[in-house]
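# Inside the fold
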Amino acid sequence: MTLNLLALAALTLSALPLAGAHAAAATPGETCVQDLRAIAPFLLENDTGARAHLEQKGQTYFDLALATATKAAAGAADGKACDAILENYARTWRKGHLHVKPGSAVDIAKPAPARPAAQGQVAPSKEPALRILSDSTVLLTLPSFHGSYRAALASLLETHRGTLAARPNWILDVRRNGGGSDSTYAPLLSWISSGEMLTMGAEWLATPANIEGQEKVCAQLAPGDQACAAFAAQAVAQMRTVKPGQYAPQQSGGTVSYARADTPEPRRPARVAVLVDRDCASSCEEFLLATRQSFHVKLIGRNSYGALDYSNMRLHVLPSGQRHLQYATSRSARLPHLQVDLAGIQPDIYLPPPKDEAGRAEEILRVQRWLEGGTLRPDGA
C-alpha cells in the first residue's frame, strides 16, 4: 500500500504560517487544526506502530478520520475542547500508548490519580499495600507500576519478608493497574519465579526525533532517576548502531533472552493468584507475561487492556506549544506472531465482570477461598 506521506506533509506545511507573526491572533480552532495536521506525518516517520496501522486499516480510513477531526478541530471553542478532539483522533490510530497530552512535560510526568469507586468518594491510594487475609494467605495490592512507587514496593517486600515467607498463598491484585515501569515490579520476580524466564525484547526505531526523545526523557519525566538515565543511555547507544529509519534491538545480545533471578527468595509462595481486569495495561501486561511463566501462578479475572506491542512512549511538542504528542518508540519482538494489543492477555480462569465495588471486593474472598482448598463459586457452596 502506498503511504500518502506527501499529502500529509502538505497539509502540515499549509498550517505553518500560524506559527509565525499571526500565531498570537490565531483562534483556538486554527491552533487546534495546526496541531492536528502535524500528528500524522510525525507518526508515520517516528511511531513504531503507525505504518502497520496504516497497512491494516487503509488510507481511506485515515483520510476520513483526518477530515472528520479537522472539521471538529476548526470549531473548537477552547483548548480543552481541542484536547478531546486530538485525543480522539489519536485513538483512531491506536487505542493505547498513543496520546495527545495538554500542558508541560512536568505535568504529564505526574502519576495519574486513582479513580474513586463512586461519585463523591475519595480516590484510593496508588501505593502498594499488603494485607494478611489468614494464616496461609496474603494479599498484595498493586494499583500502579509507576516508577515513583518502585522504592515503596521494594521496601514493602523487605519490611514484611517474614510475613510473606510464612504464607504459601499469595494474591496479587493488579486490577486497574495502568502500568508504568518494568523495573518497579522487578523485586517481585525473585519471589514468584519458578526458575528461568524467557523474555522477548523489543526493537527501537532509530530516527533523529526518537534519539532526541530518549536523550530528554529522564529530565522530563523522571529527573534524578538513575535507572531511567541508564536505560535511556543504552537506548541511544543502540539506536546509533543503525541508520535512521531502521530498527535496532534494545539489547546488544539480540531480542530473546533467558534469565533467572539473581537472588531467588529461599521461601517462595506455593500458589499465586494474579487478579487481573481490563484496566491492566502496558507494564502491567508485561508483568502478566513474566509471572505466567511460573509453574505456580494463575491469572484470574478478565482479559487485560491490550497496550503493549508498541511502547516506550516519548514526548513530541506539537506546533502550538500547548500540548504534546506521546507516541511509541519501540515495538515488541513478539510481533507479528503474538499480538497483545488485539485482545489483551487472556486469564487462565475467567471471572465475569463484577457489577459493583462490593462484587469487586468479593473477588478477593473468592480467590482466597479457592487458594485455601475451597471453591470460586460466588456463594461459596
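As a reminder, the structure under discussion sits directly above these lines.
Residues numbered from 1 in each chain as written. Predicted model: local features only at pLDDT ≥ 70, side-chain atom pairs only at ≥ 80, totals over all residues. Heavy atoms only, no water.

## With respect to the sheet that holds strand β13 (residues 349–350)
Using the following cut-off: In this scheme, strands are said to pair when DSSP sees at least two bridges between them. Strands here mean DSSP runs of E at least two residues long; helices mean DSSP runs of H or I at least four residues long; both are numbered from the N terminus.
Within the open sheet, the six strands sit side by side as β2-β3-β4-β9-β10-β13. Their pairing is mixed. The two strands at the open ends of the sheet, each matched to only one other strand, are β2 (129–132) and β13. As defined by bridge partners, β2 adjoins strand β3 (residues 137–141) across four bridges and the pair is classed as antiparallel. Counterpart to L130 in the pairing with β3 is L140.

## Some thoughts on unusual backbone geometry
As a reminder, the rule being used: For every residue, the accessible area (1.4 Å probe, protein chains only) is compared with the maximum for its type, and the residue is labelled buried under 20%, exposed over 50%, or partly exposed between those bounds.
With an omega dihedral of 0°, the bond running from L335 to P336 counts as a cis peptide bond. Structurally, the position occupied by P336 is in the loop between β12 (323–332) and β13. Within the chain, R176 stands out as a residue other than glycine whose phi angle is a positive 65°. Take R176: it is sitting in the loop between β4 (169–173) and α9 (182–192). In this structure R176 comes out as partly exposed when scored by relative accessible area, which is 28%. Look at N312: it is not a glycine, yet its phi comes out positive at around 50°. Within the secondary structure, N312 sits in strand β11 (residues 310–317). The partly exposed category is assigned to N312, whose relative accessible area is 21%.

## Section: the nonpolar core
What counts here: To qualify as a nonpolar core, a set must consist of buried Ala, Val, Leu, Ile, Met, Phe, Trp, Tyr and Cys residues joined through side-chain atoms within 4.5 Å. By definition in these notes, contact holds between two residues if any of their heavy atoms fall within 4.5 Å.
Grouped together as the largest cluster of nonpolar side chains are 32 residues, with contacts concentrated most on W170, V174, V274, F287 and L288. Among the elements of the structure, β3, α7 (150–159), α8 (161–165), β4, α9, β9 (271–276), α12 (283–291) and β10 (297–301) are those that each provide at least two residues to this core. Among residues more than four places away in sequence, those in contact with W170 are V138, L140, L164, L188, W191, I192, P269, R271, V272, A273 and L371. L43, L44, L325 and Y327 belong to the second largest nonpolar core, which has 28 residues in total.

## With respect to the packing of helix α2 (residues 28–46) against helix α5 (residues 79–93)
The axes of two packed helices give the description: the angle between them and the distance between them. What counts, and what does not: To get an axis, a line is fitted to the C-alpha atoms, and for a helix only the part in contact is used. The angle between two axes follows their N-to-C directions and goes from 0 to 180 degrees. To sort the angles, those under 35 degrees are grouped as roughly parallel, those over 145 as roughly antiparallel, those from 65 to 115 as roughly perpendicular, and the leftovers as oblique. Working rule for handedness: look at the near helix, and if it is turned counterclockwise from the far one by less than a right angle, call the crossing left-handed; if clockwise, right-handed.
Put simply, α2 and α5 touch, their axes get as near as 10 Å, and they point 20° apart. Viewed along their axes, α2 and α5 adopt a mutual orientation that is roughly parallel. The interaxial crossing formed by α2 with α5 has right-handed handedness. In contact with C32, D35, L36, I39, A40, L43 and L44 of α2, α5 contributes C82, L86, Y89 and W93.

## Points about the pattern of salt bridges
Rules: Throughout this description, the term salt bridge denotes a Lys or Arg side-chain nitrogen within 4 Å of a carboxyl oxygen of Asp or Glu.
According to the stated counting rule, one finds 14 salt bridges in the structure shown. The partner of D309 in a salt bridge is R334, with the nearest N and O atoms 3.1 Å apart. Within this pair, whereas D309 is found in the loop between β10 and β11, its partner R334 is found in the loop between β12 and β13, the two being separated by 25 residues in sequence. Accessibility expressed as a relative area gives 7% for R334, which makes it buried. Linked by salt bridges that have partners in common, D173, R175, R302 and E363 make up one network.

## A short note on the side chain of Q326
When you line up the elements, Q326 lands in strand β12. Dropping the residues within four chain positions of it, Q326 is found in contact with H97, L98, H99, K101, I108, M313, R314 and L315.

## A few points about the packing of helix α10 (residues 208–221) against helix α11 (residues 226–239)
Here is the rule: Classes in brief: Ala, Val, Leu, Ile, Met, Phe, Trp, Tyr, Cys and Pro nonpolar; Asp, Glu, Lys and Arg charged; the others, Gly included, polar.
Their axes nearest at 8 Å, the elements α10 and α11 cross at an angle of 165°. Relative to α11, the element α10 is oriented roughly antiparallel. In this structure, the crossing between α10 and α11 has a hand that is left-handed. Each of N210, I211, Q214, E215, V217 and C218 in α10 lies in contact with α11, whose residues at this interface are C228, A229, A232, A235, V236 and M239. The residue inventory of the contact of α10 with α11, partitioned by class, reads nine nonpolar, two polar and one charged.

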